[in-house]
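Examination of the molecular architecture
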Amino acid sequence: MKKILAIFLLALFCFLLNGSAQEEDRNWARLSNLTPKEELEIFREAYPWCQFDLNYDKEVKDWALKVTAFKKSSVYYRAEGLYLPKEQLPNRDHYWRVIYRYKRVLEDPADFSEERKAMIRDYSSTENRKTGAVSSKFIFDAIYDCRTRAATETHLRSMTLWNKPLNVHRQIGKKLDKIEAKVWALAKGDKEVRDFLKTLSSCSGYNWREIRDSPTRSFHSYGIAVDILPKGWGKKIVYWGYEKQKGNKNWMLIPLKSRWMPPAAVIKAFEDEGFIWGGRWAIWDNMHFEYHPELLIAERLCGDKLR
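Residues numbered from 1 in each chain as written. Predicted model: local features only at pLDDT ≥ 70, side-chain atom pairs only at ≥ 80, totals over all residues. Heavy atoms only, no water.

Here the focus is the pattern of salt bridges. What the rule picks out here adds up to 19 salt bridges. The closest approach of N and O atoms between D145 and K72, which form a salt bridge, is 3.0 Å. With D145 in the loop between α5 (138-143) and α6 (149-153) and K72 in strand β3 (residues 72-77), the pair connects residues that are 73 residues apart, well separated along the chain. Among the residues examined, D145 registers a relative accessible area of 5% and is labelled buried. One network of salt bridges, in which partners are shared, links R104, E271, R280 and E299. (Salt bridge = Lys/Arg side-chain N within 4 Å of Asp/Glu carboxyl O. Helix = DSSP H or I, 4+ residues; strand = E, 2+ residues; numbered from the N terminus. Buried < 20%, exposed > 50% of the residue type's maximum accessible area, 1.4 Å probe, protein only.)

This part covers unusual backbone geometry. Positive phi values are uncommon outside glycine, yet K61 reaches one of about 65°. Mapping K61 onto the fold places it in the loop between β1 (51-57) and β2 (62-69). Judged by relative accessible area, which is 64%, K61 ranks as exposed. Although it is not a glycine, K71 adopts a positive phi angle of roughly 65°. Checked against the element boundaries, K71 lands in the loop between β2 and β3.

The next subject is the sheet that holds strand β8 (residues 200-204). Across the sheet, 4 strands lie side by side as β8-β9-β11-β10; this open sheet has antiparallel pairing. If you trace the sheet from one side to the other, it starts and ends with β8 and β10 (275-277), each paired once. For this sheet, the mean inter-axis angle between neighbouring strands, taken without regard to orientation, is 20°. In the packing of helix α10 (residues 264-272) onto the sheet, the strands contacted are β10 and β11 (288-291), and the crossing angle to β10 comes to about 140°. (Pairing = 2+ DSSP bridges. Axes fitted to C-alpha atoms, helices over the stretch in contact; angles between N-to-C directions. Contact = heavy atoms within 4.5 Å.)

Attention now goes to the side chain of E294. Looking at the secondary structure, you find E294 in helix α11 (residues 293-301). K137 provides the closest opposite charge to the buried, salt-bridge-free E294, at an N-O distance of 11 Å. A distance of 2.8 Å separates a polar atom in the side chain of E294 from a polar atom in the side chain of H292. Here E294 is in contact with I42, A46, Y47, V98, I99 and F140, once residues within four sequence places are set aside. (Lys, Arg positive; Asp, Glu negative; His and termini not counted. Polar contact = N/O pair within 3.5 Å; in protein donor to acceptor, adjacent residues only side chain to side chain.)

Among the nonpolar cores identified, the biggest contains 81 residues, and Y47, I139, W162 and L176 are the most heavily contacted of them. Residues in contact with L176, not counting those within four places in the same chain, are M159, L161, V168, V226, F270 and F275. (Core = buried A, V, L, I, M, F, W, Y, C linked by side-chain atoms within 4.5 Å.)

Burial analysis of α11 places 7 of its 9 residues in the buried class, which makes it a mostly covered element. Every buried residue of α11 is listed here: P293, E294, L295, L296, I297, A298 and E299.

Right, let's get into the packing of aromatic side chains. Aromatic ring pairs are described here by two measures, namely the spacing of the ring centres and the angle between the planes. Within this structure, the stated rule accounts for 20 aromatic pairs. Seen from their ring centres, W162 and F196 are 5.6 Å apart, and the 85° between their planes marks the pair as edge-to-face. Remark: F196 occurs in helix α8 (residues 191-198) and W162 occurs in the loop between β6 (156-161) and β7 (164-169); sequence separation between them is 34 residues. Each member of the pair W162 and F196 is classed as buried. One aromatic cluster is present, formed by Y47, W49, F140, Y144, F219 and Y222 through successive ring pairs. R116 extends its terminal NZ or CZ atom over the ring of F112, reaching a point 5.9 Å from the ring centre. (Phe/Tyr/Trp six-rings, centres within 6.5 Å; stacked < 30°, edge-to-face > 60°. Lys NZ or Arg CZ within 6 Å of the ring centre and 35° of its normal.)

Contact pair helix α7 (residues 170-187) / α10: the axes reach a minimum separation of 9 Å and the direction vectors enclose 150°. The orientation of α7 relative to α10 falls into the category roughly antiparallel. Here α7 and α10 pass one another in a crossing that is right-handed. Where α7 approaches α10, its residues L176, I179, K182, V183 and L186 are matched on the opposing element by A265, V266, A269, F270 and D272. Among the residues making up the contact of α7 with α10, the classes are represented as 8 nonpolar, no polar and 2 charged. (Parallel < 35°, antiparallel > 145°, perpendicular 65-115°, else oblique. Left-handed = near helix turned anticlockwise from the far one by under 90°. Nonpolar A, V, L, I, M, F, W, Y, C, P; charged D, E, K, R; others polar.)

As far as function goes, none of this settles anything; it's purely spatial.
Here it is in C-alpha cells:
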C-alpha cells in the first residue's frame, strides 16, 4: 500500500511540475508576442519623463515609435521589438530585442547539461562577443539623452550610496535613494545585510566605455548601471570574466557557493525599484545592477508565474 501511495504521489508531483512548466512556457510565449500597443504602455509606465507616440508607417510597413525627452525627439521602428532607427533596419540581425526575458532565478551549474555548457562557452567566446548580436540600445539614447558623452554628462548626479560616492544619471538617483533607505532599515534586523554594509568597499556608476570584448557601449556609459564591491570580494569570485582571463575554460561550472553575492534582501530591494541583477545572467556579473523597469513590468504583465 505504501509503495502504491509513493508511486501515486510521485506521478502527481510530475504531473503538477509538468503543468507548471507548460504554463510558464505559455507565459513566456506571451512575452515574446507582445503587441506594439502593449510595448508602448510598458515604455510609458517605465519611463514617465518621456513622451511616446506610436504610429504605423505605411511606407516602411512597420510601427514607428517617436520618443520625446529632454526637448528632443527621435523615431525608432519596432522591427519585431528591436526598436531601430531607420538606417539600422537592414542590420536587424545584429541586435537583440529591447524587452526580453529576465529570469529571477539562479541557475545551478550542477544541473547544466553538456548542451547548456557548450552554449554558454560559445556565447561567451571572444569571437562571439566581438561579432555576434548585441543589445539594441538606440531607444535608450533618446530616453536618457545619452547619444554622446557630452550630452550624457549634463544629466549626471553626484551622490552617495551607503556612504560610497558615485555618479549616475539623475533619472535613477531617486530610485537609488529609496534602495539605500530600504537597505539601511533592513540592516537593523538582518545580520547578513549589516555585514554586507560593513564590508562594502566601493560603489561605481557612470563610466563612458564599451563592454569588454564587445563593440557596444556599456550601460555604465548611460549612468544607469551600478557596481557594488565588498572588501576582498569576500574571498569569493564576483565576475565570470576574471576567471576566464585566468585561463579557466570551465568558469561557468563554478559553484554558486563560491561566488560572492549580495544578500537576497539587497537584490530584492534593487529589483523592487526596477533594477535587474547581473548575477542572474548566464555570463554572470554579481556586482552589477542595471535599471531596466521595462523588463520587470513586462514580467508582471505576463503573469507572476514568470518568477
